[in-house]
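# Structural overview for review
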Amino acid sequence: MTIKINRFLWLGVAVALLQSGVLYAMVQQHVSILRDGTDITLQSEPVDPHDFMRGDYVNLRYAISNIEAGKITGTVPATDGPADVYVTVKEGDGGVWTFAGASWQKREDLPAGEIQLHGRTSSFANAAGYSQLRVTYGIERYYVPEGQGRAIEDQQRERKIEAVIAVSSAGEAQIRALKDNGNMLYEEPIY
């Protein structure tokens, strides 16, 4: 009887450790990008509408969120559906980073001063060269303190909100901070 109880006890401990390890890995991935990633600043663009059912957050879109299909180089994926897109940005006027190029494959030959972000597009079949493809990077939503989301979205309409983005060497991105006309609004804590 005690052997069965010991087995269940050890099995429970093993499951708890496994779950804790998975949670730790998720947090550590987020933290490592914020701690070690290269910071870039992107100008946000207004997004409508606001969803009251999901709490207070700000929808963010950037100039690099829509890319002309003809500007993406490399071998087009063989099948339609979600596809990786690697978007290169370079620092422009006022410290805001802007589109420099895009490729279907990760580029290993980036010029000095350029950063590559890993994005996804949902569909590209039959996209003419001038068609706009929507690219997401996982930095399109930022949670803010209760009651402040609407004010930030109103400021976005005046094109004042900038997002400071930490980018890992693999091109994965995390929002580090939001700024209003250069003044820090929110900064993401490491832990």
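Just above sits the structure.
Notes on the structure in this doc start here. What you are looking at is a predicted structure, and each value in this text was computed from that prediction instead of being measured.

## Describing the overall build of the protein
- When its secondary structure is counted, the protein shows two helices and 13 strands.
- When the 191 residues of the protein are sorted by exposure, 37% land in the buried category.
- A separation of at least 24 residues holds for 66% of the contacts in the protein among residues at least 6 apart in sequence.
- On the protein, roughly 11300 Å² of surface is accessible, and the fraction owed to carbon and sulfur atoms is 55%.

## With respect to the pattern of salt bridges
- This structure, assessed with the given rule, holds four salt bridges.
- For Asp-39, the salt bridge identified is with Arg-176, shortest N-O distance 2.7 Å. Taken as a pair, Asp-39 in strand E1 (residues 38–45) and Arg-176 in strand E12 (residues 173–180) lie far apart in primary sequence, 137 residues in all.
- The class of Asp-39 is partly exposed, set by a relative accessible area of 37%.
- When its relative accessible area of 15% is taken as the criterion, Arg-176 is described as buried.
- Here Asp-109 and Arg-107 are joined by a salt bridge, their closest N and O atoms 3.4 Å apart.
- Residue Asp-109 is classed as exposed on the basis of its relative accessible area of 55%.

## Section: unusual backbone geometry
- Despite not being glycine, Asn-181 has its phi angle at roughly 50°, a positive value.
- Summarising the element assignment, Asn-181 is placed in the loop between E12 and strand E13 (183–187).
- Residue class for Asn-181 comes out exposed when judged on its relative accessible area of 55%.

## A short note on a nonpolar patch on the surface
- On the surface, Leu-9, Trp-10, Val-13 and Leu-17 cluster together into a nonpolar patch covering about 470 Å² of accessible area.
- Mapped onto the elements, Leu-9 comes out in helix H1 (residues 2–36).
- The exposed category is assigned to Leu-9, whose relative accessible area is 52%.

## Overview of the sheet that holds strand E3 (residues 61–62)
- Strands sit in the order E3-E1-E11-E12-E13 across an open sheet of five strands; the sheet is antiparallel. The open sheet terminates on both sides in strands that have one partner only, identified here as E3 and E13.
- Taken together, the six bridges between E1 and strand E11 (residues 161–167) define a ladder with antiparallel strand orientation. Bridging across to E11, Leu-42 finds its partner in Ala-163.

Criteria and cut-off values
- Residues numbered from 1 in each chain as written.
- Predicted model: local features only at pLDDT ≥ 70, side-chain atom pairs only at ≥ 80, totals over all residues.
- Heavy atoms only, no water.
- Helix = DSSP H or I, 4+ residues; strand = E, 2+ residues; numbered from the N terminus.
- Buried < 20%, exposed > 50% of the residue type's maximum accessible area, 1.4 Å probe, protein only.
- Contact = heavy atoms within 4.5 Å.
- Areas by Shrake-Rupley, 256 points an atom, 1.4 Å probe, with all protein chains shown as cover.
- Salt bridge = Lys/Arg side-chain N within 4 Å of Asp/Glu carboxyl O.
- Patch = residues over 30% accessible without salt bridge, like charges linked within 9 Å, V, L, I, M, F, W, Y side chains within 5 Å.
- Pairing = 2+ DSSP bridges.

Remember that the coordinates give geometry; whether it matters functionally is a separate question.
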